[in-house]
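Here's the letter readout for the chains.
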Amino acid sequence: MTERVPGDVRALLEALEGAGFEAHLVGGCVRDLLRGVEPQDWDICTSALPDETEACFPHHRLLETGLRHGTVTVLAGHRPYEITTYRADGPYSDGRRPDRVEFVPDLVQDLARRDFTVNAMALGLDGVLHDPFGGQADLAAGVIRCVGDPDRRFQEDGLRLMRALRFAACLDFAIHPATAAAIRRNLPMLDKVAAERVQAELRKLLMGPRAAETLREFPEVLCRFWPQLEPLVGLEQRNPWHCYGGWEHTLHALAAAPEDLTVRLAVLLHDVGKPPCRTTDEAGIDHFYGHAAVSAQLADQMLRALKFDNRTREEVVTLVARHDAPIAHTPKSIRRWLGRLGEATLLRLLEVKRCDSYGKDIQLVRERLAANEALKAMVREVVAQGQCFSLKDLAVDGRDLLAAGVPAGPAVGKALNSLLGQVVSGELPNEKAALLAALGLPPSPP
Ligand code: ATP
Ligand code: MG
């Protein structure tokens, strides 16, 4: 297995060993090597103290940002590698970070502080695997299990609740029953975790192949930081269009989503506004009039609470707000939608709509899927043909209008938008002379 360790990494381990210290690959990279997956980053643990580590690399650039926790980052071949002194974590009084870290001479103690058995293995260049907590067996069985007493581990650091779900979703693993029970007992620990750290784990979780199954098993984890979801989880839908309740429908939709975080977030949140919008008619059929707008409002709140970046938040909110808007299959309608959303967001909206059709009546699904494919094809056609759908495509711009005698000021923008509307609707051709003529202006000299 060590033959798959890149030369740069091997050289770092050799430098530490050459100076008389122990050095091992540890954590995610060992897990991924054992799974036969290319590791994303290579972490090293060592018996060397941080200043001893630094002394081993006199010719490398070093970053000392993690020094307080015993981590020296070494740049080799333009890539950063974290080298961390064996440590045991002191008491955790805040549920987030150890009060102090203590350097220890022993690899097993270092492995014992790690979160899950599959992340608590170390590998030396000699090919010896150190696995004191049964990580290999759990890896083979596809199990996420805390190292040590799960209640204690979650009480030390609430982020581990999210990490357990994240690894289950990403590795396609099940969470061990005792670990799962401890997650459910320790939900309040999530309240102490910084929103950005929850967000980072949620992003990874949602991109995992087992995201929907993991959320089906642990909706209460999401509801802890997103209480707005709770009514959806319990929502029944009595109508002929849905064969599932609100949450189950959301999970079916999520399972059908492409590997695109914005789409997955939109799918996750698209119906969160349904519960407050429910009405039941005389026939006992549920309706959810206006739920898209309410969902969009809630989605905005929820993404803000987790401190998502503005761009992601705004696009998700747009997708949620429009998820059930009808899109007609005509070039004119497609040009309008392109003008409103742009190509990338419109294609994402079609994906959200496709996902939304899963978990509904099967005949409806077939129709929706076929219609969706046709719409996508038309979007591509309209874009490929260079048809005009936004101001930048219009055959005249502000300067043309000024040159033709439109007075400077708001009249210019107004005129441009009015022309755009007429071109998009097909009333006017996208040609300069025709557009100026439509404004009652003579064509400007070339
Ligand atoms: P990825 O492939 O996503 O990087 P990883 O396992 O490398 O997965 P990291 O977040 O990079 O995960 O952490 C590196 C290692 O540090 C983990 O494998 C684990 O051993 C340990 N670790 C990280 N965060 C925690 C935590 N909150 N509590 C305990 N151990 C942790
Ligand atoms: Mg890592």
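Every value quoted in this text rests on a predicted model; they were computed, and no experiment measured them. (Residues numbered from 1 in each chain as written. Chains lettered and ligands numbered in written order. Predicted model: local features only at pLDDT ≥ 70, side-chain atom pairs only at ≥ 80, totals over all residues. Heavy atoms only, no water.)

Colleague: I would appreciate a short explanation of the overall build of the chain in the present structure.
Modeller: The number of helices and strands found in the chain is 23 helices and 13 strands. Relative to the 2.2 N^0.38 estimate, which gives 22 Å for 446 residues, the radius of gyration of the chain is 28 Å and therefore markedly larger than a compact globule would have. A fraction of 63% describes how many contacts in the chain between residues 6 or more apart in sequence connect residues 24 or more apart. Looking at charge distribution, the chain has the averaged site of its 53 positive side-chain charges lying 5 Å from that of its 61 negative ones. (Helix = DSSP H or I, 4+ residues; strand = E, 2+ residues; numbered from the N terminus. Rg over C-alpha atoms; globule rule 2.2 N^0.38 Å. Contact = heavy atoms within 4.5 Å. Lys, Arg positive; Asp, Glu negative; His and termini not counted. Charge placed at Lys NZ, Arg CZ, Asp CG, Glu CD.)

Colleague: Sorry if this is basic, but what is going on with the pattern of salt bridges here?
Modeller: Any two side chains of opposite charge can pair, on the condition that their charged atoms come close. This structure, assessed with the given rule, holds 33 salt bridges. Across the salt bridge formed by D32 and R31, the nearest N and O atoms sit 3.2 Å from each other. One exposure class covers both D32 and R31, and it is buried. K432 serves as the salt-bridge partner of D400, at 3.3 Å between the closest nitrogen and oxygen. Placement of D400 in helix 21 (residues 398–403) and of K432 in helix 23 (residues 432–438) is noted, with a sequence separation of 32 residues between them. (Salt bridge = Lys/Arg side-chain N within 4 Å of Asp/Glu carboxyl O. Buried < 20%, exposed > 50% of the residue type's maximum accessible area, 1.4 Å probe, protein only.)

Colleague: Would you mind showing me how to read the nonpolar core here?
Modeller: Nonpolar side chains tend toward joint burial in soluble globular proteins. Counting 107 residues, the largest nonpolar core has L25, I144 and W226 as the members making the most contacts within it. Ranked by the residues each element gives to this core, the list is headed by helix 7 (residues 159–171), at 9 residues. When residues are assigned to domains, this core turns out to be shared by domain 1 (2–141) and domain 2 (151–225), each giving three or more. Residues C388, L394, L428 and L436 belong to the second largest nonpolar core, which totals 17 residues. (Core = buried A, V, L, I, M, F, W, Y, C linked by side-chain atoms within 4.5 Å. Domains from an automatic or database assignment.)

Colleague: What exactly am I supposed to notice about the layout of surface pockets here?
Modeller: One simple way to see leftover space: roll a probe sized like a water molecule over the atoms. Estimates place the volume of the largest pocket at around 1600 Å³. Lining of the largest pocket is provided by 48 residues; of these, D43, D115, R163, R166 and F167 occupy positions nearest its centre. When residues of the lining of the largest pocket are traced back to their parent elements, those giving at least two are helix 2 (28–35), strand 2 (43–46), strand 5 (79–85), strand 6 (87–89), helix 7 and helix 9 (195–207). The residue makeup of the lining of the largest pocket, split by class, is 16 nonpolar, 9 polar and 23 charged. Inspection of the lining of the largest pocket shows a minimum of three residues originating in each of domain 1 (2–141) and domain 2 (151–225). There is about 540 Å³ of room inside the second largest pocket. Around the second largest pocket sit 27 residues that line it, and H291, D324, D356, K360 and R368 are the ones nearest its centre. For the lining of the second largest pocket, the elements supplying multiple residues, two or more each, are strand 13 (286–287), helix 16 (291–305), helix 19 (343–357) and helix 20 (362–384). If you tally residues by element for the lining of the second largest pocket, the top one is helix 20, at 6 residues. The class makeup of the residues in the lining of the second largest pocket is 11 nonpolar, 8 polar and 8 charged. (1 Å grid on protein atoms, 1.4 Å probe; cavity = no way out; pocket = protein on both sides within 12 Å on 5 of 7 lines; lining within 4 Å. Points joined across faces, edges and corners; volume = space filled by probe spheres on them. Nonpolar A, V, L, I, M, F, W, Y, C, P; charged D, E, K, R; others polar.)

Colleague: How should the site of ligand 1 be read in this particular structure?
Modeller: Near ligand 1 you find 14 residues, and of these R31, D157, R160, R163 and R166 are the closest. D115 is positioned with one of its backbone polar atoms (N or O) 3.1 Å from a nitrogen atom of ligand 1. At 2.7 Å from an oxygen atom of ligand 1 is found a side-chain nitrogen or oxygen belonging to R166. For ligand 1, whose unbound accessible area comes to 590 Å², protein coverage reaches 80%. Assessed atom by atom at 2 Å from the grid points, ligand 1 resides in the largest pocket. For the shell around ligand 1, the elements supplying multiple residues, two or more each, are helix 2 and helix 7. By residue number, the principal contributor to the shell around ligand 1 is helix 7, which donates 4 residues. Its residues assigned to classes, the shell around ligand 1 shows 1 nonpolar, 3 polar and 10 charged. Two domains each donate at least three residues to the shell around ligand 1, and these are domain 1 (2–141) and domain 2 (151–225). (Near = heavy atom within 4 Å. Polar contact = N/O pair within 3.5 Å; in protein donor to acceptor, adjacent residues only side chain to side chain. Areas by Shrake-Rupley, 256 points an atom, 1.4 Å probe, with all protein chains shown as cover. Sits in = over half its atoms within 2 Å of the grid points.)

Colleague: Can you walk me through the environment of A384 in this structure?
Modeller: With respect to the secondary-structure elements, A384 resides in helix 20. Note on A384: relative accessible area 69%, which makes it exposed. For the pair A384 and G7, spaced 377 residues apart in the sequence, the C-alpha separation amounts to 46 Å.

Colleague: Any chance you could explain the side chain of Q199 here in plain terms?
Modeller: Along the chain, Q199 turns up in helix 9. A polar contact is formed between the side chain of Q199 and the side chain of R203, at a distance of 2.7 Å. Of note is the side chain of Q199, whose polar atom sits 3.0 Å from the backbone oxygen of L306. Excluding residues within four positions of it along the chain, Q199 makes contact with L306, K307 and F308.

Colleague: Got a minute to help me understand helix 13 (residues 246–255) in this structure?
Modeller: Within an α-helix, residues lying three or four positions from one another point in the same direction, as the helix has 3.6 residues per turn. Buried residues dominate helix 13, accounting for 7 of its 10 residues. Those residues of helix 13 that fall on the buried side of the exposure criterion are G246, W247, H249, T250, L251, A253 and L254. Elements in contact with the buried residues of helix 13: helix 9, helix 10 (211–217), helix 11 (219–225), helix 12 (230–233), helix 14 (261–269) and helix 19.

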